[in-house]
Structures are given as C-alpha cells and as structure tokens.
Amino acid sequence: MKKILSVLFFAFATLGVSASWGAIDKSKTIKMATEGAFPPFNYFKGKDLTGFEVELGTELAKKLHVNGEWKTSPFDSLLIGLNQNRYDLVVASHGITAERAKAVDFTEPHYCTGGIIISNAGGPKTAADLKGKVVAVQVGTTYLTNVQKIPGIKEVKTYPKDTDALQNLMSKRVDAWVTDKFVALEAVKSNEKLHLQLGDMVFQEKIAMAVAKGNTELKNKVNTALNDLVKDGTYLKISKKYFNDDVSCK
C-alpha cells in the first residue's frame, strides 16, 4: 500500500541510532513494528496480531535465527519510531516513494499491489466515473496523493484508518473508496450481503519493509532471509493462505 506521510522533518529531527545487526544477533531478538489495522496484511484477530505481513515477518525472524518481537503503532508514527530506535524493522505495507527513501532505507519489495476503486453497487468504477463524487481514502497515504491527481472529484475525505473509510462507504456517506486492491478484495469477501463492487486500478506500487537510514547490514540480512523464504516455498505458502495467489513482484 500505502502511505506517504511527510516524515522527513520528524525523522531527521529525532534521528536515533538503530540497533546494528550485531546487537540484534547478540540479543537474539529483532523488534518489528506494524500498524495492526490493515487486514489482511496486519490486523488483530481477537487479541492476536496476525496477517500476511505478520506471518511473513515472523518467518523472516526465524530465518535470521532470532526471536521476532512485535509492536503496533498508528501508521503515521511508524517511520518516526523507527528512526527513534523504538524498533528495528517496520513491516506495514509502505509503498516505496522517493520522499520516504530520504528518511529510511527500504528492503527489496515483499509484495506488489496498487490502489483500486471500490464502491456500492451501481457506484463509480473508473477514474472518469469519480467526477463530481466524494471519495474516501486513508489519511497520509499514497492513495490520497494519487486520488488528488484525478481531475473532477468533488471532494476527497480522509480517515484515520482504512476501516473508517470502509464504514463511511457502507453507510453511503461517500460515493467511493480508494484503497489497496487486496484490502478491497477482502472487504468485498467479508461483506457479501452489501454487494460492494471493485472498479479500476488507479495506480500500481511496490511495497517494502523499512530499516533506519544507513542500517545497511540489517537491510542486507533481511533481503537474504526474504529471498530464502521465496526459495524454500514459505513465502508462496503464506501468500496463498491469504490471497490464494502469489503476490510477489514477478
């Protein structure tokens, strides 16, 4: 997915020294952070944190021969917390952007996706259909910046969480919602009686994990572990569990 917060000022103003790989290896623990409110990628099922990214991150920690310790935080604080040394790795559907790459270092992409239009039955399905409409997006996201580029939209309404945007779509306070295509598929599947419909993709993006700026050794270790998970079939197994498809960047 996802989000393109203006993190640069805050990240550099509060820059900390993230744990080196040597420190992580010595403690045998890697601190990982995610949002916990972005199903099916990262979310709570009861009191348990789960989702595609959570399972993938947990398996990645095993490949690194360390314990994975998860923390959750609002999305708009995740990259700031990374540069304050609150955790070592962020696994939270961050779309790779030039702005973010100035504040953090990205691993190789762990999935590819894009923003898609979702609406109630009979609602807008194309970018042209959004003319004169009210569109919901999550605040601080790449969905917001891309929707703002579409001409003719009456109003773009932002919400703290994607689940808030979905609720406002279902209650018909907005005409359409633009979100990650896999999140949209899950929303349609989980709300069959509402007859939500999927429209066109409005943009595509690569999604990656993030480490603190300059933490090259950890980035390389994560890339190697991720590649190993692809090679041994673990990645595909987790991907098919959540999406019945391979969501890697082919």
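Residues numbered from 1 in each chain as written. Predicted model: local features only at pLDDT ≥ 70, side-chain atom pairs only at ≥ 80, totals over all residues. Heavy atoms only, no water.

1. Some words on the packing of helix H3 (residues 52–63) against helix H9 (residues 216–231)
Right, on to step 1. Taken N-terminus to C-terminus, the directions of H3 and H9 make an angle of 105°; their axes are 9 Å apart at the nearest point. Considering their axes alone, H3 and H9 lie roughly perpendicular with respect to each other. For the pair H3 and H9, contact is made by Leu-56, Glu-59, Leu-60 and Lys-63 and by Val-222, Ala-225, Leu-226, Asp-228 and Leu-229, respectively.
Right, on to step 2. When grouped by side-chain class, the residues that make up the contact of H3 with H9 number 6 nonpolar, no polar and 3 charged. (Axes fitted to C-alpha atoms, helices over the stretch in contact; angles between N-to-C directions. Helix = DSSP H or I, 4+ residues; strand = E, 2+ residues; numbered from the N terminus. Parallel < 35°, antiparallel > 145°, perpendicular 65-115°, else oblique. Contact = heavy atoms within 4.5 Å. Nonpolar A, V, L, I, M, F, W, Y, C, P; charged D, E, K, R; others polar.)

2. Focus on the confidence of the model for the chain
The predicted coordinates of low-pLDDT regions are not to be read in fine detail.
Right, on to step 1. Summary statistics for the chain give a mean pLDDT of 91 and a share of 93% for residues scoring 70 or more.
Right, on to step 2. Note that residues 3–16 has pLDDT below 50 and, in this model, 40 contacts with residues that lie over four places away or in other chains. (pLDDT = per-residue confidence, 0-100.)

3. Structural notes on helix H8 (residues 181–190)
Right, on to step 1. Listed in full, the buried residues belonging to H8 are Phe-182, Val-183, Ala-184 and Ala-187.
Right, on to step 2. Elements in contact with the buried residues of H8: strand S2 (37–38), strand S7 (104–119), helix H7 (162–170), strand S10 (176–180), strand S11 (197–212) and helix H10 (234–243).
Right, on to step 3. With a side-chain oxygen positioned 2.7 Å from the backbone nitrogen of Phe-182, the residue opening H8 is Asp-180. (Buried < 20%, exposed > 50% of the residue type's maximum accessible area, 1.4 Å probe, protein only. Polar contact = N/O pair within 3.5 Å; in protein donor to acceptor, adjacent residues only side chain to side chain.)

4. Observations concerning the sheet that holds S2
Right, on to step 1. As summarised here, the arrangement of the 3 strands in space is S2-S3-S4, forming an open sheet in which the pairing is antiparallel. Strands at the two margins of the open sheet, each flanked by one partner only, are S2 and strand S4 (48–50).
Right, on to step 2. By the bridge criterion, 2 bridges tie S2 to strand S3 (residues 42–45) in an arrangement that is antiparallel. Looking at the pairing, Phe-38 lines up with Asn-42 of S3. (Pairing = 2+ DSSP bridges.)

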